[in-house]
Amino acid sequence: MRTLAKILIVAFCVLAAAPIAWHVLSSLKTPGELASIPPTIWPRSATLDNYRELFTRRSFGRYYANSFVIAALSSLLCVAAGSLAAYSLARTSTVVRKLTTSSLLIVAFFPPIVLLFPLYEMVRAAGLMNHAWGLILPYAALNLPLTIWLLTGYFEQIPYEIEEAAAMDGLSRLQTFVKVILPLSAPALATTGMLAFIFAWNEFLFALTFMNRESSKTITVGVATLSGAFTYEIPWGLLAAGVVASSFPLILLVTVFQRRIVAGLTAGAGK
Amino acid sequence: MQKRGGRSLEIFFYLPAAALLGLVVVYPMARTAFLSFTRTNLATGFHSEFAGLQNYRRLIADSRFHNALWVTTTFTVLSVALEFALGLLLALAAETFIRGRSLIRAIFLAPWTLPTAIVAVLWAWIFNDQYGVLNALLLRAHIVQTPIAWLASPVSAMASIIIADVWKTTPFVFLVLLAGMQNVPRELYEAVEMDGGGAWSKFRHVTWPFLLPFVFIALVFRLIQGFAIFDLVYVMTGGGPGGSTETVSVYSYQTYMRYLDIGYGSAQVGAVVIILAAAAYLLYRLLLRQYAHLS
C-alpha cells in the first residue's frame, strides 16, 4: 500500500513538472534546433537569445509592467475596501453577517462573461479602453467577495476587549481599525492580497476585450497572441520563453507562501 | 461599548466595497438581464428595442447553442470527474508521507499557479502535430507510426482540452482535500482499527464524513469554473475544429464581439446562469442529504 502510494505520488509529480520542464528546456534552444522534426529534448547548445528578443525586440517588458501595475493596484484596492467592509461585518449582528456573506458567495460564482458586455460599455464610455484603470476597478471588485469572506472570518476571531481598550484610550473606530486591527491582521491581509494578485495576473477575458493596443496588453494576452494562432510562422522559442517568463514570478510567490495560500483557499470549508 | 456616531461610520466602512460591487457586478448583471429581453444589434444601431422573449425563443431553436451547451457539459463533467478522482487518490496517497509533504505541495502547486491562457499555449505546443513533444515521444517509443494532429479532429481536440484542464486543476482539488484530511481526528482511525475495520471502513466511516464540506467546496468551485471555461478553449482551439470544442462562453463571446448581437448574447449568458443556479441547488441538496445520512 505504502510503496504504491509513493510510486503514485512520484509519478504525478513528474507529470506535473514535465510540461513546464519541457518549455524551460525549449526556451534555451536556437531557432534552428526548434525547427527540427522530430523535436529534440535536451538543447544542443543553450542560449538566452529567446529571452533577449522577448524583452528587447518585443513589448514583453511592457506587458510585464502592465500586468504588475494592474495586479498590484487592484489587489491593494481590493484589500483596502474589503477589510473595511469585513471589519464592519465581523462586528455586526449574526443575521446580517450570514446574509451578506452568503449573497457575496453567490456573486462570486457568476461566470465573468455575464458581466462582459455591460462592463465593456462602461469602460468605453469612461474613456478607459487601453487604460490600466479599465482593468484595476473590475479586478478589485471581482476579488471582493472572496476577500471579504476570508477577512470576516479572521476579524471575528479578534477579541472585542482589544477594541474596548482602544476606545478607553480615546481612539475613534477608524483609528482603532487602522492602528489596532490592521496590524494584528497582517498575515490574513497578505494572504488575501496575494490571492487577489494571482487572480488579476491570470485574468484573460476582460484583458483581451478592454486592452487591444499593443502597449496596453497584459502578460496573459501578450503571450497568447504572441503565438500568432492565426499565422503560419509560429515563433516557438519566443513562445517557450514567454510561457516561462510569465509564470516564473507566480510560481516563486506561490512556492514561498504555499502554506498561507492553501490555508486561505480552504478557510471557507472549515466553517 | 458602542460609541455615538457608530452607525454613520459603519455606512462609511461599507461604502467603498458596496460602490465597487454595485458598479462592476450588480449594475452589469441587471443590464445583461435587461438586454436579454431586447433587440440590440448592428441593425438597430445598438438602440434597444423591447423584444419580449424573442431571444430566448431563438435559443431553443439554435443548434449551435445546443452544441455549445453539450460541449460545455461534456467538458465540465469529464474534467471535474477526472480531477476529483485523481485529486482524492493523490490526497489519500500523500497522507502516507510523513516528510516531504511540503515539497509535494510545492510541485503540485506550480501547474495551478499558471494563468489558464498560458496553460493553453503550453499544451497547444505539446499537442502540435509536427513540433509537439507528445508525438515525438510516441514516435520514439514506436507507439504510433505517423504523427497525429491532436487538435485537428473533434474527439482528440476535446480530449486535449480536458487533459490540459486536468493538468492545471487537479492540484486545486488535491490541496483542498489534503487540507480537509488534516481535520480528521486520529483517534477515530484507531477506534476503527480496534473494531477490526480495514482501510475501506476507515475511509468510509471516518475520512469521508469529515471530508464532505471540503468536497462540496471543491466540487462547486470546479463545476462553476468549468462551465464558464473560456481562455483555455479560445487560445487552444478557438472552438474548432468545426465548433466541436466551442463552449457557451466562447460562443457568447463571438455573439457579442464578432456578430455584435448584444441582445442575443445576453440571452445566452442569461440561460447559462439559470442552468448553473439549478445545478448548484441540486448539488447542494444531494450533498446535504448525504451529510444528514452520515451524521
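Definitions and limits used
Residues numbered from 1 in each chain as written. Chains lettered and ligands numbered in written order. Predicted model: local features only at pLDDT ≥ 70, side-chain atom pairs only at ≥ 80, totals over all residues. Helix = DSSP H or I, 4+ residues; strand = E, 2+ residues; numbered from the N terminus. Rg over C-alpha atoms; globule rule 2.2 N^0.38 Å. Buried ≥ 20, exposed ≤ 12 C-beta atoms within 10 Å, placed from the backbone. Contact = placed C-beta atoms within 7 Å. Domains from an automatic or database assignment. Nonpolar A, V, L, I, M, F, W, Y, C, P; charged D, E, K, R; others polar. Core = buried A, V, L, I, M, F, W, Y, C linked by C-beta atoms within 7 Å. Axes fitted to C-alpha atoms, helices over the stretch in contact; angles between N-to-C directions. Parallel < 35°, antiparallel > 145°, perpendicular 65-115°, else oblique. Left-handed = near helix turned anticlockwise from the far one by under 90°.

A.B. asks: Tell me what's going on with the overall build of chain B, and back it up with residues and numbers.
C.D. replies: Each helix and strand in chain B was counted, giving 12 helices and 2 strands. Its helices and strands in sequence order give chain B the pattern α-β-β-α-α-α-α-α-α-α-α-α-α-α, from N to C terminus. Taking 19 Å as the expected radius of gyration for a compact globule of 295 residues, we find that chain B reaches 24 Å, considerably beyond that expectation. Each principal axis of the C-alpha atoms in chain B carries an extent, and together these give about 80 × 75 × 35 Å. Counting all 295 residues of chain B, 41% fall into the buried class. For chain B, long-range pairs separated by at least 24 residues make up 70% of all intrachain contacts whose partners lie at least 6 apart in sequence.

A.B. asks: Residue-level account of the overall build of chain A, with values.
C.D. replies: Within chain A, the regular secondary structure consists of 14 helices and 0 strands. Counted from the first residue to the last, chain A has its helices and strands arranged as α-α-α-α-α-α-α-α-α-α-α-α-α-α. Here the C-alpha coordinates of chain A stretch approximately 75 × 60 × 35 Å along the principal axes. Per-residue burial for chain A yields a buried fraction of 45% across its 271 residues. Within chain A, residue pairs in contact and separated by at least 24 positions form 77% of the contacts whose partners lie at least 6 positions apart.

A.B. asks: Go over the domain arrangement of chain A with me, naming the residues and quoting the values.
C.D. replies: Residue and element names in this part refer to chain A. By domain assignment, chain A separates into domain 1 (1-47) and domain 2 (60-270). Inter-centroid distance (C-alpha atoms) of domain 1 to domain 2 is 32 Å. With 7 residues of domain 1 in contact, the opposing surface of domain 2 contributes 6 residues. At the level of elements, helix H1 (2-27) and helix H2 (31-34) are the ones that each hand at least two residues to the side of domain 1 that touches domain 2. Tallying contributions element by element places H1 first for the side of domain 1 that touches domain 2, with 4 residues. When grouped by side-chain class, the residues that make up the side of domain 1 that touches domain 2 number 3 nonpolar, 3 polar and 1 charged.

A.B. asks: Give a description of the nonpolar core that names residues and reports values.
C.D. replies: In this structure, A:Ala140, B:Ala120, B:Val121 and B:Leu177 are the most contacted members of the largest nonpolar core, which totals 149 residues. Of all the elements, helix H7 (residues 133-156) of chain A adds the most residues to this core, at 15 residues. Residue-level mapping places this core at the junction of two domains, with at least three residues from each of domain 1 (1-47) and domain 2 (60-270) of chain A. Ignoring sequence-local partners within four residues, the contact set of A:Ala140 consists of A:Ser74, A:Leu77, A:Cys78, A:Ala81 and B:Leu20.

A.B. asks: Provide a residue-level description of the packing of helix H5 (residues 116-126) of chain B against helix H7 (residues 154-181) of chain B, including the pertinent values.
C.D. replies: Residues and elements named next belong to chain B. Between H5 and H7, the least distance of the axes is 10 Å, while the angle of their chain directions is 125°. The angle between H5 and H7 places the two elements in the oblique class. Crossing of H5 against H7: the hand is right-handed. Taking contact as the criterion, the partners of Thr116, Val119, Ala120 and Trp123 in H5 are, on H7, Ser160, Ala164 and Lys168. Tallied by class, residues from the contact of H5 with H7 come to 4 nonpolar, 2 polar and 1 charged.

A.B. asks: Explain unusual backbone geometry to me, using residue names and the numbers behind them.
C.D. replies: Residue and element names in this part refer to chain B. Cis geometry is adopted by the peptide bond preceding Pro241, which originates at Gly240 and carries an omega value of -10°. Along the polypeptide, Pro241 turns up in the loop between helix H10 (231-236) and helix H11 (248-257). At Phe46, a position not held by glycine, the phi torsion is positive, near 65°. Note on placement: Phe46 falls in the loop between strand S1 (38-39) and strand S2 (49-50). For Phe46, a count of 12 C-beta atoms within 10 Å translates into the label exposed. Here the phi dihedral of His142 falls at roughly 60°; this positive angle occurs in a residue that is not glycine. Relative to the helices and strands, His142 is located in the loop between helix H6 (133-140) and H7. When the 7 C-beta atoms within 10 Å are taken as the criterion, His142 is described as exposed.

A.B. asks: Outline the packing of helix H3 (residues 49-56) of chain A against helix H13 (residues 236-256) of chain A, listing residues and values.
C.D. replies: Residue and element names in this part refer to chain A. At a minimum axis separation of 9 Å, H3 and H13 run at an interaxial angle of 80°. Between H3 and H13, the crossing angle belongs to the class labelled roughly perpendicular. Of H13, the residues touching H3 (which contributes Asn50, Tyr51, Glu53 and Leu54) are Gly237, Leu238, Ala240, Ala241, Gly242 and Ala245. Grouping the constituent residues of the contact of H3 with H13 by class yields 6 nonpolar, 3 polar and 1 charged.

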